[in-house]
Amino acid sequence: MKKVINNRMYNTETAKCVGEWDNGHLPNDFEYCSEELYQKKNGEFFLYGDGGPMSRYSVRSGNNWGGGEKIIPLSYEEAQEWAEKYLDGEAYEKIFGEISEDDTKKTVTFSLSLTAIEKLKRSASQKGMGLSEYIESLI
């Protein structure tokens, strides 16, 4: 599926599918729902979903409801939340980098422009690193 949203192209043919989930129903079931997490070459994430007439992807056609499909752009954090909910730990770390269980780290707060934050997140994701790990590698 190919869709332009907010003047950005989202294409399931050119992006990489990094995670999949379905609700276990058969594709011809009214409640069937499946989602695929994609990452574009520039690091952006989006969700491609499809489902039956009783799913969140249903579309109205006249007086009836039918199955449908949709592309949903996701922020880095939204992609992480989706992956936490629907993927196992190994798949999550493959996308977002290894999660440290080390408690010797300290949380700090600082301000960056939204543009800089998005660039950091994309670069970290492209390198398969978590954001903190990526920032440490730059220092």
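Let us look at the structure shown here. Small disclaimer: the values here were computed from a predicted structure and weren't measured. (Residues numbered from 1 in each chain as written. Predicted model: local features only at pLDDT ≥ 70, side-chain atom pairs only at ≥ 80, totals over all residues. Heavy atoms only, no water.)

**Notes on the sheet that holds strand S4 (residues 33-39)**
Strands belonging to one sheet form pairs held by backbone hydrogen bonds; the direction of such a pair is parallel or antiparallel.
And then number 1: Ordered in space as S3-S4-S5-S8, the four strands form an open sheet in which the pairing is antiparallel. Strand pairing shows two members of the sheet lacking a second neighbour, strand S3 (16-22) and strand S8 (68-74), which therefore form its edges. Each strand of the sheet is rotated relative to its neighbour by a mean of 20°, with strand direction disregarded.
And then number 2: Bridge count between S4 and strand S5 (residues 45-51): seven bridges; the pairing is antiparallel. Each bridged residue has a counterpart across the sheet, and for Glu36 the counterpart in S5 is Tyr48. (Pairing = 2+ DSSP bridges. Helix = DSSP H or I, 4+ residues; strand = E, 2+ residues; numbered from the N terminus. Axes fitted to C-alpha atoms, helices over the stretch in contact; angles between N-to-C directions.)

**Here's the deal with the pattern of salt bridges**
And then number 1: One pass over the full model with this rule turns up five salt bridges.
And then number 2: Glu44 is the partner of Lys40 in a salt bridge, and the nearest nitrogen-oxygen pair spans 3.2 Å.
And then number 3: Note on Lys40: relative accessible area 16%, which makes it buried.
And then number 4: A salt bridge links Lys121 to Glu118; the shortest N-O distance between them is 4.0 Å. With Lys121 and Glu118 both in helix H3 (residues 114-126) and three residues apart, this pair spans about one turn of that helix. (Salt bridge = Lys/Arg side-chain N within 4 Å of Asp/Glu carboxyl O. Buried < 20%, exposed > 50% of the residue type's maximum accessible area, 1.4 Å probe, protein only.)

This is a description of form; function is not addressed.
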